[in-house]
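Chain residues, written in single-letter form:
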Amino acid sequence: MPLIIIGIIFITGLLYSIYFPQVPEIIMIQRRSLIPHRIKTKLPLYSNIKTYHITVKILKKKQRRIIMIIRPRRLRNGDSLRKMVRETRVDSSSLIYPMFVMDGENKKEEISSMPGQYRYTVDKLMDGLEEVLNSGVDKVMLFGIPDKKDEHASQAFADDGIVQKALLEARKNFPQLYLITDVCLCEYTSHGHCGMLHGHDVDNDSTLPILARTALSHVQAGADMVAPSDMMDGRVSAIRAELDKNGFNNTPIMSYAVKYASAFYGPFRDAADSAPAFGDRKTYQMDFHNSREGIREAVLDVEEGADIIMIKPAMAYNDMITKVKEAVSVPVATYSVSGEYAMVKAAAQNGWIDEKKIISEMAIGAYRAGASIYLTYYAKELAQYFKEG
């Protein structure tokens, strides 16, 4: 039967070539399950469209042409149609804008390595938050820069800490904002590491209570969500237990579960004054050569109670976004970090690239890879670009 079908197709093509000289040399048909495997393997298969090309000999070779049933370009014909069939759709509700808040009054300082980004005192932060809301973004991530630092990161969890004060004012002035806080100790320790020290080693277990206490203080001050970025083992479990014990069962945790020891963080450390005084962070942040380790970290954090998993950085780690998305059942976020921003900004200022097109392509790449939440210093611009389509 399969051979008869192939024969009919061949004879039909031959008859067409005799009576209708414009008939094609190649007819493209969709694959049918009725063609047995032994026949299929003898026919050329082209890409994922999975079509068979049946060659038909014709008499007038000068009049050969190709008729194709399947033409992917049909769905690219016009901007309206391209938008209608897009596989990746985005809007500003998925954007989070990182902001830096510092002690002091009436100050707004531009970060030299991140043109267009600022450190705000609490009073000036209110102006910045209003600008963010007006852009169409309603979610921010706050990073604190205290005046005083010590070995115990005491300003991280202090009632009058910089993030706590910012949260109280932001909640009072902008109840519609969704406030997320970074939970880490590097901005608050005198040595710049993300945990308590034992000699020159970062001690994992003694750091956990400090992180949990810091997260609780943020939520008590008005944070809607906390995001631990320290990369200590077990910190999600410790924070979840502390929040639940104090009645904050419904406060979600967005874990920086897959955070690599990356050179892309350079400008951030300038912005937050958080570079380590000695050594590096490779004993707790991940080796960028590894991917299976990242899956393990993500799965462990979900088991400990993480509600959202983050991959950081974004641009060079889209493969990890996809792998984590396939491994966990919670939403996946990614952070387009300071180094990504600085590189694009510098190239744009020199006229080497089209800034708008580049940042849009970077964002869509992250979403296409599987992210449903995107943290970026370009959030305000992207919100506008999303409106424009």
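Everything below is about the structure printed above this text.
Let me sum up the structure you'll find in this document. (Residues numbered from 1 in each chain as written. Predicted model: local features only at pLDDT ≥ 70, side-chain atom pairs only at ≥ 80, totals over all residues. Heavy atoms only, no water.)

So, on to the packing of aromatic side chains. Taken as a whole and judged by the stated rule, the model has twelve aromatic pairs. Centre to centre, the rings of Tyr-341 and Tyr-378 are 4.7 Å apart; their planes meet at 45°, and the pair counts as tilted. Note that Tyr-341 is positioned in helix α12 (residues 338-349) and Tyr-378 in the loop between β16 (373-376) and α14 (379-388), a separation of 37 residues in sequence. Each member of the pair, Tyr-341 as well as Tyr-378, carries the same accessibility label: buried. (Phe/Tyr/Trp six-rings, centres within 6.5 Å; stacked < 30°, edge-to-face > 60°. Helix = DSSP H or I, 4+ residues; strand = E, 2+ residues; numbered from the N terminus. Buried < 20%, exposed > 50% of the residue type's maximum accessible area, 1.4 Å probe, protein only.)

With 14 residues, helix α4 (residues 122-135) ought to run about 20 Å at 1.5 Å a step, and its terminal C-alpha atoms sit 20 Å apart, in line with that. The complete set of buried residues in α4 reads Val-122, Leu-125, Met-126, Gly-128, Leu-129, Val-132, Leu-133 and Ser-135. Structurally, α4 contributes buried residues whose contacts are with β5 (95-102), β7 (118-121), β8 (139-145), α6 (162-173) and α14. A positive backbone phi angle near 105° is found at Gly-136, which sits one or two residues after α4. (Expected span 1.5 Å × (residues − 1). Contact = heavy atoms within 4.5 Å.)

In this model helix α13 (residues 355-369) runs 21 Å from its N-terminal to its C-terminal C-alpha over 15 residues, within 8% of the 21 Å that 1.5 Å per residue would give. Buried residues of α13: Ile-359, Met-362, Ala-363, Gly-365, Ala-366, Tyr-367 and Ala-369, and no others. Its buried side turned inward, α13 meets β5, α11 (318-327), β15 (332-336), α12, β16 and α14. One side-chain oxygen at the N-terminal end of α13 lies 3.2 Å from the backbone nitrogen of Lys-356; it belongs to Asp-354. Immediately downstream of α13, the backbone of Gly-370 shows phi near 135°, a positive value. (Polar contact = N/O pair within 3.5 Å; in protein donor to acceptor, adjacent residues only side chain to side chain.)

By secondary structure assignment, the location of Glu-297 is in helix α10 (residues 292-304). Comment: no salt bridge for buried Glu-297; closest opposite-charge side chain is Arg-235, at 5.2 Å. Excluding anything up to four places from it in sequence, Glu-297 contacts Met-231, Asp-233, Ala-257 and Met-286. (Lys, Arg positive; Asp, Glu negative; His and termini not counted. Salt bridge = Lys/Arg side-chain N within 4 Å of Asp/Glu carboxyl O.)

Bringing the pairing of β5 into the picture now. In terms of residue burial, β5 counts as a mostly covered element, since eight of its eight residues are buried. The alternating pattern of β5 places Leu-95, Tyr-97, Met-99 and Val-101 on one face and Ile-96, Pro-98, Phe-100 and Met-102 on the opposite face, and all of these are buried. Across six bridges, the pairing between β5 and β8 is parallel. Each residue of the ladder has a partner; that of Met-102, found in β8, is Ile-145. Sheet topology note: the β5/β7 ladder contains three bridges and is parallel. (Pairing = 2+ DSSP bridges.)

Here we come to the environment of Ala-261. For Ala-261, the location among the structural elements is in the loop between β13 (254-259) and α9 (266-272). Sequence separation between Ala-261 and Lys-312 is 51 residues, and the spatial gap between their C-alpha atoms is 9.3 Å. Every residue in contact with Ala-261, bar those within four places of it in the chain, is listed here: Lys-282, Gln-285, Met-286 and Phe-288.

In the contact formed by helix α7 (residues 204-221) and helix α8 (residues 235-245), the axes pass within 8 Å of each other and the chain directions differ by 45°. Regarding the angle of α7 to α8, the classification is oblique. In the crossing of α7 with α8, the sense of the turn from one axis to the other is right-handed. On α8, the residues touching Leu-208, Leu-211, Ala-212, Ala-215, Leu-216 and Val-219 of α7 are Arg-235, Ala-238, Ile-239, Glu-242 and Leu-243. Considered class by class, the residues forming the contact of α7 with α8 number nine nonpolar, no polar and two charged. (Axes fitted to C-alpha atoms, helices over the stretch in contact; angles between N-to-C directions. Parallel < 35°, antiparallel > 145°, perpendicular 65-115°, else oblique. Left-handed = near helix turned anticlockwise from the far one by under 90°. Nonpolar A, V, L, I, M, F, W, Y, C, P; charged D, E, K, R; others polar.)

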